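If you want the building blocks of each chain, they are given just below.
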Amino acid sequence: MIEIRAACSPGEMRIAVIDTDCADDDGTTSGWLDAAIWRPGAPDGVGDVHVVRVQTITPALGGMFVLLEGGVTGFMPCRKPIEQGRLAVAQVVRAAQNNKGLRLRLMDQAVPDDVNAPHRVSYGATPLEELAQRYPEAPIILDSQSMGVRLPVTLRKRCHYVQAAFDAEQEAVFDTLGSSDASIGGLTALFSFTPALVAIDLDSAGHPAGAQPDFAGNVAAFPALAREIRLRNVSGTLLIDAAGVRTRKRPALAGFLKTALATDIIQPEVLGATPSGLLEVVRKRTRPPMHEVMHSAHGKALAILRQILREGRKGTQLVASISVVRALERDPDALEECILQRAASLELVVDPERSVSQWSLV
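Counting starts from 1 at the beginning of each chain's written sequence and moves along it residue by residue. In view of the model being predicted, local features appear only for residues whose pLDDT reaches at least 70, and side-chain atom pairs are presented and counted only at 80 or more, with totals across whole chains, interfaces and linings using the full set of residues. Where side-chain values are given, they derive from all heavy atoms of the structure, hydrogens and water being excluded.

### Some remarks on the sheet that holds strand β17 (residues 279–283)
Note on pairing: two strands pair once DSSP finds at least 2 bridges between them. In this text, helices come from DSSP runs of H or I with a minimum length of four residues, and strands from runs of E with a minimum of two, each type numbered from the N-terminal end. Here we have six strands laid out as an open sheet, ordered β12-β13-β14-β15-β17-β16, and mixed in their pairing. The open sheet has two edge strands, β12 (181–184) and β16 (269–273), and neither has a second partner. Within this sheet the neighbouring strands show an average axis-to-axis angle of 20°, counted without direction. Pairing between β16 and β17: four bridges, direction antiparallel. Of the residues in β17, the one forming a bridge with Val270 is Val281. Its contacts with the sheet put helix α5 (residues 215–232) on β12, β13 (187–193), β14 (198–203), β15 (236–241) and β17, and the angle it makes with β13 is roughly 40°. With axes taken as lines fitted to C-alpha atoms, and helix axes fitted only over the stretch in contact, angles between N-to-C directions fall between 0 and 180 degrees. Contacts were defined at the residue level, with two residues in contact if any of their heavy atoms lie within 4.5 Å.

### Comments concerning the packing of aromatic side chains
Note on aromatic pairs: the rings of Phe, Tyr and Trp (six-membered ring only in Trp) are paired at centre separations within 6.5 Å, and the planes decide the class, stacked below 30 degrees, edge-to-face beyond 60, tilted for the rest. Enumeration over the complete set of coordinates arrives at six aromatic pairs. Relative to Phe75, the ring of Phe65 lies with its centre 5.2 Å away and its plane at 65°, an arrangement referred to as edge-to-face. Here Phe75 lies in strand β6 (residues 73–77) and Phe65 lies in strand β5 (residues 63–67), a separation of ten residues in the sequence. Residue Phe75 is classed as buried on the basis of its relative accessible area of 11%. Relative to Phe256, the ring of Phe215 lies with its centre 5.9 Å away and its plane at 85°, an arrangement referred to as edge-to-face. With a gap of 41 residues between them, Phe215 in helix α5 and Phe256 in helix α6 (residues 254–260) connect regions that are remote in the sequence. Residue classification places Phe215 among the partly exposed positions, given a relative accessible area of 27%. The rule is simple: take the accessible area with a 1.4 Å probe, protein chains only, and divide by the maximum for that residue type; under 20% is buried, over 50% is exposed, in between is partly exposed.

### Some details on helix α10 (residues 332–342)
Of the residues making up α10, those classed as buried are Ala334, Leu335, Cys338 and Arg342. Buried residues in α10, looked at end-on, bunch into an arc of 100°, giving them a common side. Relative to its buried face, α10 has exposed residues pointing more than 90 degrees away, namely Pro332, Asp333 and Leu340. On its buried side, α10 packs onto α8 (297–311), β19 (347–350) and β20 (359–361). Downstream of α10 by a residue or two, Ala343 has a phi angle that is positive, lying close to 55°. The arc in question is traced by the directions running from the helix axis to the C-beta atoms.

### Comments concerning unusual backbone geometry
Although it is not a glycine, Asn99 sits at a positive phi angle of roughly 65°. Here Asn99 is to be found in the loop between β7 (87–94) and β8 (102–106). Overall, Asn99 belongs to the exposed group, its relative accessible area being 80%.

Structure follows, in structure tokens:
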């Protein structure tokens, strides 16, 4: 049976789609089909429709930079340039990520006569709505009535309320989706994120079997690797370094990798092997990858609120770094929800000497 489990905490919903017939209590993502994070106070904007104003035309890049409501900027590819300063209707097709801004596409739609400035016309589907559409028969296991009332009526009818949507094992597994490594059978996948690409090194180090990986060992690990790529939303250009396979044999791995990635809804393209033997994959970017969402200042701030509630921490002043405090100030609903749940005030105090991971409650 497939379930959509949605664990809620102040400012955040962590979502996992799990096939309970395949899942094992082994601390891995076995049986996990999809995962996402939804932050109502800081939506990623994917699918939103905007009236935008053309700022700068860049023929070399094949498009133009545009201004959205609130002073946000984005890039819109366009074959036929629009006059600078003009308004146009566009839809967000890629969230800001990897130090790059929003990507939009021009829509064949006229700007309403009564609109004379950048303006959001409509919101796109939330990550929960997107997964609910992908798995229309799956029940939604939710642990927050207050979050439930924010859902569309069609989704509310599918909700089953529980005290905790994730058990301790599932909490731990979800946390691994922001890490830089993953166990995939007898191998470990090490993820290295750069501005240009994602390098994935397959390695046998640290596994008790100790046997030198071979062609078959890599093939056997590909389904688990494909699952980790999907759950973590690792996107863009991926270069995969197979373990223990000679360079001349590596092109033959491409077909097996393509088969493993075939069920990915984003439909990654396996381009083959580079001359040096790296398997090259292109996976379309849409929403930000898990590691970026979880390790941002906002992600760290919400994790602090979650920990305060989970551990029943006492105190009325949260002392944290500038970036964490600013993130919570920009998401006042999350802070208010935390205050309501703990039934105690919570004042934000900046300590410029602290890192994003350092905080205290006094």
